Amino acid sequence: MPIPAVQAILACGDELAAALEANDFDRVAALAAERGTLVATLLDGPPLGARTEASDAVAAALATQHRALAGALAAHSAEAAEALGSLAQHRRAQTTYDGGVPVARILGPVHG
């Protein structure tokens, strides 16, 4: 296994996790694209070769990082979906309120 290539993927994943934690979603998108390119380059490269203890350790670290990133991205996605749902509900309520019966009609004419 080309360990330097996998270590570059791990480093990119660490940066991605930090950007996600900071809610820097522009950076998250850029790093996710970069990580995908690194993985594609690794897959398109020469055969991985014989397994060694070092390559197994790096592969285990990559798998662990992948699971952690997938979980964090899923959690942020769920939070975003919930926030959008709440916003949509608020907008529907505002539209209903704005289109409701005018206050003057509810209070009736005011006599002085």
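Just above sits the structure.
In this text the structure is predicted, and so the values were computed from the model without any measurement.

### A few points about the overall build of the protein
Next up, step 1: From N to C terminus, the protein includes 4 helices and 0 strands.
Next up, step 2: Listing every helix and strand of the protein by position from the N terminus yields α-α-α-α.
Next up, step 3: Per-residue burial for the protein yields a buried fraction of 14% across its 112 residues.
Next up, step 4: Here the analysis covers contacts within the protein between residues at least 6 apart in sequence; of these, 75% occur between residues at least 24 apart.
Next up, step 5: Of the accessible surface of the protein, which amounts to about 8100 Å², a share of 63% is contributed by carbon and sulfur atoms.

### Concerning helix α1 (residues 3–21)
Next up, step 1: Its 19 residues give α1 an end-to-end C-alpha distance of 27 Å, which sits within 8% of 27 Å, the value for a rise of 1.5 Å per residue.
Next up, step 2: Those residues of α1 lying buried are V6, I9, L10, C12, G13, L16, A19 and L20.
Next up, step 3: On its buried face, α1 sits against α2 (25–44) and α3 (53–98).
Next up, step 4: Within two residues after α1, N23 carries a phi angle of roughly 55 degrees, on the positive side.

### Re the side chain of R35
Next up, step 1: Tracing the sequence through the fold places R35 in helix α2.
Next up, step 2: It is D14 that comes nearest to the buried, bridge-free R35 among opposite-charge side chains, at 7.8 Å.
Next up, step 3: Leaving out residues up to four positions away in the same chain, R35 has contacts with I9, C12, G13, L62, Q65, H66 and L69.

About the thresholds
Residues numbered from 1 in each chain as written. Predicted model: local features only at pLDDT ≥ 70, side-chain atom pairs only at ≥ 80, totals over all residues. Heavy atoms only, no water. Helix = DSSP H or I, 4+ residues; strand = E, 2+ residues; numbered from the N terminus. Buried < 20%, exposed > 50% of the residue type's maximum accessible area, 1.4 Å probe, protein only. Contact = heavy atoms within 4.5 Å. Areas by Shrake-Rupley, 256 points an atom, 1.4 Å probe, with all protein chains shown as cover. Expected span 1.5 Å × (residues − 1). Lys, Arg positive; Asp, Glu negative; His and termini not counted. Salt bridge = Lys/Arg side-chain N within 4 Å of Asp/Glu carboxyl O.

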